[in-house]
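Observations on chain architecture
Residue strings, one per chain:
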Amino acid sequence: MQRSMISTALSAVSLRDLALVQAVAREGSFTSAARLMNISASGLSHQVQKVEQALGITLFERGGRGVALAGGGARLIALINDVLAGAERLQAGALAGSIAFGGELRLGVPATLGPYLLPQLIEPFPQRFGEARLTISEGKPRGLLRRLAEGELDAVLAPPGAAVPGLSSRRLFFEPYELLVHADHPAAGKASVPLATLDPAQATLMAESHPGAHGSERIQDVSLESLATLVAVRGGYTLVPVLAHDRLASIPNVCLVSVQGQAPGREVALYWRSATAWGEDLAGLGDLLVDLAGRMPGLTPVIEGGAGQ
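It should be emphasised that the depicted structure is a prediction, and the values quoted were computed from it without experimental measurement. (Residues numbered from 1 in each chain as written. Predicted model: local features only at pLDDT ≥ 70, side-chain atom pairs only at ≥ 80, totals over all residues. Heavy atoms only, no water.)

1. Things to note about the packing of helix α2 (residues 15–27) against helix α4 (residues 41–55)
Between α2 and α4, whose axes approach to 9 Å, the crossing angle comes to 105°. Of the possible angle classes, the one that applies to α2 and α4 is roughly perpendicular. Within the contact between the two elements, α2 uses Asp17, Leu18, Leu20, Val21 and Val24 and α4 uses Leu44, Gln47, Val48, Lys50 and Val51. Its residues placed into classes, the contact of α2 with α4 shows seven nonpolar, one polar and two charged. (Axes fitted to C-alpha atoms, helices over the stretch in contact; angles between N-to-C directions. Helix = DSSP H or I, 4+ residues; strand = E, 2+ residues; numbered from the N terminus. Parallel < 35°, antiparallel > 145°, perpendicular 65-115°, else oblique. Contact = heavy atoms within 4.5 Å. Nonpolar A, V, L, I, M, F, W, Y, C, P; charged D, E, K, R; others polar.)

Here's what the structure looks like:
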């Protein structure tokens, strides 16, 4: 047998120890990492020191308000991430074929999409994937993709964008926007309105969904319901995704109006780690979401290859 090159000290380091180091690097704080990993700050510090002693290098510079990576820390953190990702693939590979997603799919969804799409997914998911449990995390697309890359999530729904190293994606559907206007707005009650006839200065838009909008007020970190309430109180108009129509239509003092001509909108894609062991299951999830989009009014499904491609 080939003699192992792993030292006795490093052999005593567990995957849990490496995960604690990863958490400190990600959070930039021993206190935050300890809270996240459900361990005392002193216990966390001890385990991190154990890893540092086993590797023979200082990973973090301690002191001040936060924690910074030491000289060679960034390179070794990248290797620790690789080890933990490999362990995840090993576990997933052992479970592959028995229970879909190994029993749980951790799905990240933008907060402006989740409340309106997920009710349509809840019922068919167990019919398609048997005993697998669906766990949902909401947030901003950028943060969700970061958590996906770091292994905290298994898949993410987000607008397609620039390629992310280590991640693959599949476009699912296009969702148009419609106008939400104050009840006293001249467009209220009309079947459709051309965007070109509206005053951009009267618009209140989500910065995340409309980053290139000019002449309008852009806001961040609010729900679509809060955005609609702003219009109801302040007047003017906004653009909202069509999936939110039923919920937003119940808000007093606003009306929903179709955009005349080619409506703006957003594409939604499914992201996953390229090295995942759940390629076949993710292909099935993509197919399910595309099929659901084809049944939902207003959405245009995108037909292309599955997650394994």
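2. Notes on the packing of helix α6 (residues 114–122) against helix α11 (residues 279–295)
Orientation of α6 relative to α11, taken along the N-to-C sense of each, is 110°, at an axis distance of 11 Å. With respect to each other, α6 and α11 are oriented roughly perpendicular. Two secondary-structure elements touch here, α6 through Leu117, Gln120 and Leu121 and α11 through Leu288, Leu289 and Leu292. Grouping the amino acids of the contact of α6 with α11 by side-chain chemistry returns five nonpolar, one polar and no charged.

3. Digging into helix α9 (residues 224–234)
For α9, every residue scored as buried is listed here: Leu224, Leu227, Ala228, Val231 and Ala232. Along the axis of α9, the buried residues cluster in a sector spanning 145°; they form a single face. Residue glycine 235 follows α9 closely and has a positive phi angle near 90°. (Buried < 20%, exposed > 50% of the residue type's maximum accessible area, 1.4 Å probe, protein only. Arc of directions from axis to C-beta.)

4. A word on the nonpolar core
Counting 46 residues, the largest nonpolar core has Phe101, Leu121, Phe125, Leu157, Leu248 and Leu285 as the members making the most contacts within it. Broken down by element, the residue count for this core peaks at seven residues, all from α11. Contact partners of leucine 285, with chain neighbours within four places excluded, come to Phe101, Leu105, Phe125, Phe129 and Leu270. Ranked by size, the runner-up nonpolar core spans 22 residues in total, among them Ala19, Val51, Leu59 and Val67. (Core = buried A, V, L, I, M, F, W, Y, C linked by side-chain atoms within 4.5 Å.)

5. Overview of the pattern of salt bridges
A side chain of one charge can pair with a side chain of the opposite charge when the charged atoms of the two come close. Under the criterion given, the structure shown has 14 salt bridges. Glutamate 150 serves as the salt-bridge partner of arginine 146, at 3.1 Å between the closest nitrogen and oxygen. The partly exposed category is assigned to arginine 146, whose relative accessible area is 41%. Notably, a salt bridge pairs arginine 266 with glutamate 175, separated by 2.8 Å at the nearest N-O pair. Taken together, the positions of arginine 266 in strand β12 (residues 265–273) and glutamate 175 in strand β6 (residues 167–182) put the pair 91 residues apart, joining distant regions of the chain. Each of Arg26, Glu27, Arg146, Arg147, Glu150 and Glu152 takes part in a single network of salt bridges with overlapping partners. (Salt bridge = Lys/Arg side-chain N within 4 Å of Asp/Glu carboxyl O.)

6. So, a nonpolar patch on the surface
A cluster of nonpolar side chains, Ile6, Leu10 and Leu55, forms an exposed patch at the surface whose accessible area comes to about 230 Å². Looking at the element boundaries, isoleucine 6 is found in the segment before α1 (8–11). (Patch = residues over 30% accessible without salt bridge, like charges linked within 9 Å, V, L, I, M, F, W, Y side chains within 5 Å. Areas by Shrake-Rupley, 256 points an atom, 1.4 Å probe, with all protein chains shown as cover.)

7. Describing unusual backbone geometry
One non-glycine residue with positive phi stands out, namely asparagine 38, at about 55°. Position of asparagine 38 among the secondary structure elements: in the loop between α3 (30–36) and α4. We classify asparagine 38 as exposed; its relative accessible area is 72%.

8. Some words on the side chain of aspartate 17
Along the chain, aspartate 17 turns up in helix α2. The class of aspartate 17 is buried, set by a relative accessible area of 3%. Those residues in contact with aspartate 17, other than ones at most four positions away along the chain, are Ala12, Gln47, Lys50 and Val51.

9. What about the environment of glutamate 131?
Inspection of the secondary structure puts glutamate 131 in the loop between α7 (124–129) and β4 (133–139). Residue classification places glutamate 131 among the exposed positions, given a relative accessible area of 67%. Glutamate 131 sits 32 residues away from isoleucine 99 along the chain, and the two C-alpha atoms are 6.8 Å apart. Those residues in contact with glutamate 131 that sit more than four places away from it in its chain are Ile99 and Gly103.

10. A short note on the pairing of β6
It is a general feature of regular strands that their side chains alternate between the two faces of the sheet. Buried residues dominate β6, accounting for twelve of its 16 residues. In terms of strand pairing, β6 meets strand β10 (residues 237–241) through five bridges, oriented antiparallel. Bridging across to β10, valine 181 finds its partner in tyrosine 237. (Pairing = 2+ DSSP bridges.)

11. Quick look at the packing of aromatic side chains
By the definition in use, this model includes four aromatic pairs. Judged by centre distance (6.4 Å) and plane angle (15°), the rings of phenylalanine 101 and phenylalanine 125 are stacked. Taken together, the residues phenylalanine 101 in the loop between α5 (73–95) and β3 (104–110) and phenylalanine 125 in helix α7 connect sequence positions 24 residues apart. Each member of the aromatic cluster is reached from another via a ring pair, and the members are Phe101, Phe125 and Phe129. (Phe/Tyr/Trp six-rings, centres within 6.5 Å; stacked < 30°, edge-to-face > 60°.)

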